[in-house]
Number of protein chains: 2
Amino acid sequence: MIKSKLKIIPLGGLSEIGKNMMVMEYENDIIIIDAGLMFPGEEMLGIDLVIPDISYLLEKRDKIRGIVITHGHEDHIGALPYLLPQLNVPVYSTKLTNGLISVKLKERKALSGANLKVIQFGSQITLGKFKVEFFPVCHSIPDAAGLIIHTPLGTIVHSGDFKLDYTPVDGKPTNLSRLAQLGAQGVLLLLSDSTYAELPGYTPSERVVGETLDRVIANAPGRVIVTTFSSLVSRIQQVIDAAAKHQRHVFIVGRSMTDIVRMTLELGYLKAPDGVLGRIEELKGMPHNKVVLITTGSQGEPTSALVRIANRDHRQVHIIHGDTVILSATAVPGNEALINRTVDNLFKQGAQVLYDKVAPVHVHGHGSQEELKLMLNLVKPRFFIPIHGEYRHLSLHAKLAQSLGIPKGNIFLLEDGDILELSPQGGRKTGKVSSGNVYVDGLSVGDIGSVVLRDRRMLSRDGVVMVIITVNRQTGKLVGRPDIISRGFIEPGEAKDKDMIDKSRDLVARTLDHSGVRPADWGFIYRKVRDILNKFYYDQTKRRPMILPVMVKV
Amino acid sequence: MIKSKLKIIPLGGLSEIGKNMMVMEYENDIIIIDAGLMFPGEEMLGIDLVIPDISYLLEKRDKIRGIVITHGHEDHIGALPYLLPQLNVPVYSTKLTNGLISVKLKERKALSGANLKVIQFGSQITLGKFKVEFFPVCHSIPDAAGLIIHTPLGTIVHSGDFKLDYTPVDGKPTNLSRLAQLGAQGVLLLLSDSTYAELPGYTPSERVVGETLDRVIANAPGRVIVTTFSSLVSRIQQVIDAAAKHQRHVFIVGRSMTDIVRMTLELGYLKAPDGVLGRIEELKGMPHNKVVLITTGSQGEPTSALVRIANRDHRQVHIIHGDTVILSATAVPGNEALINRTVDNLFKQGAQVLYDKVAPVHVHGHGSQEELKLMLNLVKPRFFIPIHGEYRHLSLHAKLAQSLGIPKGNIFLLEDGDILELSPQGGRKTGKVSSGNVYVDGLSVGDIGSVVLRDRRMLSRDGVVMVIITVNRQTGKLVGRPDIISRGFIEPGEAKDKDMIDKSRDLVARTLDHSGVRPADWGFIYRKVRDILNKFYYDQTKRRPMILPVMVKV
């Protein structure tokens, strides 16, 4: 009997960082792994965030058995508030991930009706023909999971986002023996995290950072202000531990940091000895060398606590002589300029600033090349798909796998939307489903497209010039001089610019007097006015504002 | 007799990377060191480039004895075409730097009338009370200089942009013995490059890159395509040397690369054995393993040769199986995304790509901490000013100097526009001159200011909505329904958006019918329409387009 083939379809997470989403389909069953968002690139002007295109899933809605989430970062859960109202299927995740999903759905008013299920590591859930088991991996958030997916064609291992840390803060290392056991039994396919496939060697243990934090907190002459990702709970734990050890009190500043500290304390992911955590009101009067502050703002977010502190704009905290600020984080690509400005401003305020370039205050949450090799070696998959990363990361990860003896033909470099059909004999790309970026801008999801973005790009470069042309409905004659209004093109009050605008009004008037304006010819007139002004302004300024002629018929 | 004080005034190059310019003033004499441009930050929408504010210099025009240029990079020479027409003073530089300045002035039609003088290393020029000597330093361009400036108050050493390389490609290491000699005689002030003050250790020698290039070019199965900065002549030399050694021909692709190769060959800064350099027309039919291409595009510039090759959009060169591409450069801050996209596209085309993260194909042109310490140690200055870098780099460099025993009070952390008055007894900041960013946008220099940039920012986020309100001049009554035109706000053709626009037209009509429109109240009406639509659109979309009411009186 010939078995059906397994379809693997990435809808996000390949070829662009973020909005991770992978579809697995076997006969009448579909499972979805992760549902993340992506933050907009520089060229996506005004866009708030980006989610995957799920038109393929909407067509096959009846086959979807569930969404399995590996961990609680935005690029793995952030699309859920937008997708669940369209695809109401159960969402499976570990306890903390589930808590973070609830918060996210609540913020976006999408919690009611959501079917969220908490899964224990090691237990198995049945989703149609798929049986899914969660195994613990180390990553920069607690309760991160990899997946073991049993299918009629064989076992699939999905690494999630992972690194190997033999001495993690929460004491839960990546479960290597389970992976070795699977490898010995035979694994059909490995999908593994490629984010740091460029980096040689091993990603250092979180312990390295713990030692730095301990040393700095022990020796700092004054207050220590630590900023990190609010989801990097193990880092917060390290700060609390070091503070407690050196008889300092810890104050949490910033809403998202306060929320997550409260939640992780309640769920048991964070532990603080009695009396260590203080309320911000108690800060005043406390000796400086007894204080540690933990704040948001590691990405230089303009409204975050740290940025307001750096700008001397925070209600409760100002930089004072002797302060040490630790940026215990790394830049998410695109945020470098904001972070650099924050560091500069902290130095200007007189703080001593420690950040990843000058001190070991952060380690990555993803494995480097040696860890990726170890994963491949233990799992010994027949087939391999590098996931999570830009195309260059996937390419390098594929080369690593080849160097370990996996034949080139058994490695599949997929792009979003590719359909890979896999059987134990081999796999091949058989087509492409609709995929790409769905823009969220304010309340609109998916309405914004290429025209709006092109216009915003044009407006952002040289501004806009409106030309109001009033014509008599009967005679087709111009009524008065055309009016011209501009924004973002010339600075108000420059005499020579006023003069130029005046000349351009005359130019339009002359053109229209000459050719006459028949309202029926509006298309022709529109293009003519636009072309004439385009040329005139370009000759005068070498700039190309968007030109918008408007006709008023009276 | 009390001597006058020396004034040191940075007009650029501190607190923001680029547009380097330093003013030194003693009694009736002023010298200017460097005149660079800066590429615009992400928030400077539509701006082409940024130059320093020289209003201070224009006031003191009669005192200026000359502009001394340390080397030929844009951030040191790029403002000259804009400044020389205003300040016609002699420009002193070494031979290659002078050549590059001429090219730049010619491009901008500012060459005629410019007074450019070529200076030999070691010779001295007298500029009023200042005597200036150029000494060779290693940097990522040939003929780079540091300056020894003799003043009535003592000797000043200005490092230029430098690193120490004991085995440079051009055989001209930084002249350490001259520095040691000066240090022994006593130096009043050192100004030293802080660009890489964050990096511990030593910047590796160019030789490291030479070895990688040689190995790759020797072993590559097919063509090797190398991209680098066109001014990094030593890198081009290394590629030519390796190609010649392994019997490959070198083809230059891209206009700026072709221009600089021609110029440096003529001036003797680049040497190519006979027959190694080929014309691009000869490329066809040449065995792939006999070919090396050198191209522009190391910063992912959209119109560069490499980017067009990566996009399969180049007239002469396509990626073919077996190609190896080497990006022998590092990202200038802000260009990361463009470069990453180019690397991804090259991988997608099937090339093997080597770049700084995965292979030693580039070294920096600036010294790391140990080199900065050596400079301080040799020169042994009484006073120290860290230059060239963001504020965090200056702060870290200042701390390095303190750790070597320079008293904190003798180190001056300046920001652009600060006036430092210095005597052998000490120095202090005594005021601030006008300084900052002058924007060049098309033909306009300095006309674009905060209003235009604010408007462009607003337009780029949610677009623009124009409201055309036609009123009867006599009765003040609305004529017809107000018209609404938008760009960058809603995607054309979305039915529900059309409906929203329609509703907003009614809303404006109702508002104006109710309150009446008297042309004299236009200011009031303008604000009212703007506020009502702002609220309406925000409620409907959570977006805030720029709203521009226009009144037409008939």
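Refer to the structure presented above.
About the criteria used
Residues numbered from 1 in each chain as written. Chains lettered and ligands numbered in written order. Predicted model: local features only at pLDDT ≥ 70, side-chain atom pairs only at ≥ 80, totals over all residues. Heavy atoms only, no water. Helix = DSSP H or I, 4+ residues; strand = E, 2+ residues; numbered from the N terminus. Contact = heavy atoms within 4.5 Å. Lys, Arg positive; Asp, Glu negative; His and termini not counted. Charge placed at Lys NZ, Arg CZ, Asp CG, Glu CD. Least-squares fit on C-alpha atoms with pLDDT ≥ 70 in both. Pairing = 2+ DSSP bridges. Axes fitted to C-alpha atoms, helices over the stretch in contact; angles between N-to-C directions. Parallel < 35°, antiparallel > 145°, perpendicular 65-115°, else oblique. Left-handed = near helix turned anticlockwise from the far one by under 90°. Nonpolar A, V, L, I, M, F, W, Y, C, P; charged D, E, K, R; others polar. Buried < 20%, exposed > 50% of the residue type's maximum accessible area, 1.4 Å probe, protein only. Patch = residues over 30% accessible without salt bridge, like charges linked within 9 Å, V, L, I, M, F, W, Y side chains within 5 Å. Areas by Shrake-Rupley, 256 points an atom, 1.4 Å probe, with all protein chains shown as cover. Salt bridge = Lys/Arg side-chain N within 4 Å of Asp/Glu carboxyl O. Expected span 1.5 Å × (residues − 1). Buried area = accessible area lost by both parts, 1.4 Å probe. Polar contact = N/O pair within 3.5 Å; in protein donor to acceptor, adjacent residues only side chain to side chain. Phe/Tyr/Trp six-rings, centres within 6.5 Å; stacked < 30°, edge-to-face > 60°. Lys NZ or Arg CZ within 6 Å of the ring centre and 35° of its normal. Right-handed = clockwise from strand over helix to strand, strands pointing away.

The next thing to look at is the overall build of chain A. A tally of regular secondary structure across chain A gives 15 helices and 26 strands. The principal-axis extent of the C-alpha atoms belonging to chain A is close to 85 × 80 × 45 Å. Sequence-distant contacts, at least 24 apart, represent 71% of the contacts inside chain A between residues at least 6 apart. The averaged location of the 58 negative side-chain charges in chain A is 3 Å from the averaged location of its 68 positive side-chain charges.

Okay, the relation of the copies chain B and chain A next. Superposing chain B onto chain A requires a rotation of 180° together with a translation of 0.0 Å along the rotation axis, leaving an RMSD of 0.1 Å. Both chain copies can therefore be described as sitting about a two-fold axis. Nearest to the rotation axis, the C-alpha of S460 of chain B is located 2.3 Å from it, this being the minimum over chain B. Taken as a fraction of all interface residues of chain B, those also at the interface in chain A reach 100%, which identifies the copy contact as same-surface.

It is worth spelling out the sheet that holds strand β23 (residues 444-445) of chain B at this point. Residues and elements named next belong to chain B. If you walk across this open sheet you meet the three strands as β4-β22-β23, and the pairing is antiparallel. Lying at the two open borders of the sheet, with one neighbouring strand each, are β4 (49-52) and β23. Pairing analysis gives two bridges linking strand β22 (residues 437-441) to β23, with the strands arranged antiparallel. From the neighbouring strand, V440 faces β23, where its bridge partner is V445.

Our focus in this paragraph is the packing of helix α11 (residues 369-379) of chain B against helix α12 (residues 391-403) of chain B. All names here are of chain B. Following both chains from N to C, one finds α11 and α12 inclined at 55°, their axes separated by 10 Å at the closest point. When the axis of α11 is compared with that of α12, the two are oblique. Crossing handedness for the pair α11 and α12: right-handed. Facing Q369, L372, K373 and L376 of α11, the residues of α12 in contact are H397, L400 and A401. Of the residues contributing to the contact of α11 with α12, the split by class is four nonpolar, two polar and one charged.

Quick look at the environment of D502 of chain A now. Residue and element names in this part refer to chain A. Relative to the elements of secondary structure, D502 occurs in helix α14 (residues 495-515). Classification of D502 as partly exposed rests on a relative accessible area of 35%. A sequence separation of 18 residues divides D502 from I484, and the C-alpha atoms of the two residues are 8.4 Å apart.

Together, E42 and E43 of chain A together with E42 and E43 of chain B make up a negatively charged patch on the protein surface. Taking the relative accessible area as the measure of exposure, E43 of chain A reaches 33% and is therefore partly exposed.

This brings us to helix α4 (residues 95-107) of chain B. Residues and elements named next belong to chain B. In this model, α4 (13 residues) spans 19 Å end to end at C-alpha, consistent with the 18 Å of a helix rising 1.5 Å per residue. Taken residue by residue, α4 has L96, T97, N98, G99, L100, I101, K104 and L105 as its buried positions. Tucked into the core, α4 has its buried residues touching α2 (74-77), α3 (80-83), β6 (91-93), β7 (116-118) and α8 (255-267). Looking one or two residues past α4, K109 carries a phi angle of roughly 55°, positive in sign.

Counting residues at the interface gives 64 residues for chain B and 64 residues for chain A. Summed over both sides, the interface between chain B and chain A buries roughly 5,500 Å², with carbon and sulfur atoms accounting for 58% of that surface. Where chain B meets chain A, there are twelve salt bridges. The partner of D344 of chain A in a salt bridge is R392 of chain B, with the nearest N and O atoms 3.0 Å apart. At the boundary of chain B with chain A, the tally comes to 30 residue pairs in polar contact (both at pLDDT 80 or more).

A few words on the packing of aromatic side chains. Residues and elements named next belong to chain A. Evaluation of the coordinates by the stated rule reveals eight aromatic pairs over all chains. Between F489 and Y537, the aromatic rings sit 5.1 Å apart at their centres with planes inclined by 65°, giving edge-to-face as the arrangement. One end of the pair, F489, is in the loop between β25 (483-487) and α14; the other, Y537, is in helix α15 (residues 522-541), and 48 residues separate them in sequence. Here F489 and Y537 have matching classes, each one buried. One aromatic cluster in this structure is built from F489, F536 and Y537. Sitting over the face of the ring of Y538, R544 holds its NZ or CZ atom 3.9 Å from the ring centroid.

This paragraph deals with the pattern of salt bridges. Under the defined criterion, the tally for this structure stands at 69 salt bridges over all chains. The shortest N-O distance in the salt bridge between E206 of chain A and K163 of chain A comes to 3.3 Å. Placement of E206 of chain A in helix α6 (residues 206-219) and of K163 of chain A in the loop between β11 (154-158) and α5 (176-185) is noted, with a sequence separation of 43 residues between them. By relative accessible area, which is 4% here, E206 of chain A ends up buried. Here K163 of chain A falls in the buried class, since its relative accessible area comes to 1%. One salt bridge connects D499 of chain B with K503 of chain B, and the closest N-O pair in it is separated by 3.5 Å. On the criterion of helical spacing, the pair formed by D499 of chain B and K503 of chain B is a turn pair, its members being four residues apart in helix α14 (residues 495-515). Under the relative-accessibility criterion, D499 of chain B is labelled partly exposed at 41%.

This paragraph deals with the sheet that holds strand β24 (residues 464-471) of chain A. Residues and elements named next belong to chain A. With mixed pairing, three strands are arranged side by side in an open sheet as β25-β24-β26. In this open sheet, the two strands that pair with only one neighbour each are β25 and β26 (546-553). The sheet shows a mean angle of 20° between the axes of neighbouring strands, taken without regard to direction. One ladder, built from five bridges, connects β24 with β25; its direction is antiparallel. Note that in β25 the partner of M466 across the bridge is I485.

This part takes up the pairing of strand β22 (residues 437-441) of chain A. Residue and element names in this part refer to chain A. Of all five residues in β22, four are buried, a share of seventy percent or more. Bridge count for strand β4 (residues 49-52) against β22 is four bridges, and the pairing is antiparallel. Residue pairing across strands places V50 opposite Y439, the latter belonging to β22. The turn joining β22 and strand β23 (residues 444-445), which pair antiparallel and follow one another in sequence, is formed by two residues; a positive phi near 65° is taken by G442.

A regular strand places its side chains on the two faces of the sheet in alternate fashion. All names here are of chain B. Neither face of strand β17 (residues 324-327) is exposed, since T324 and I326 on one face and V325 and L327 on the opposite face are all buried. The sheet contact formed by strand β13 (residues 224-227) and β17 spans four bridges and is parallel. What sits directly across from T227, in β17, is L327. One ladder, built from three bridges, connects β17 with strand β18 (residues 352-354); its direction is parallel. The residue bridging I326 from the neighbouring strand is L354, located in β18. The β-α-β motif built from β17, the intervening helix α10 (residues 336-348) and the parallel element β18 has right-handed crossover chirality.

Right, let's get into the side chain of D344 of chain A. With respect to the helices, strands and loops of the structure, D344 of chain A is situated in helix α10 (residues 336-348). Overall, the relative accessible area of 6% leaves D344 of chain A in the buried class.

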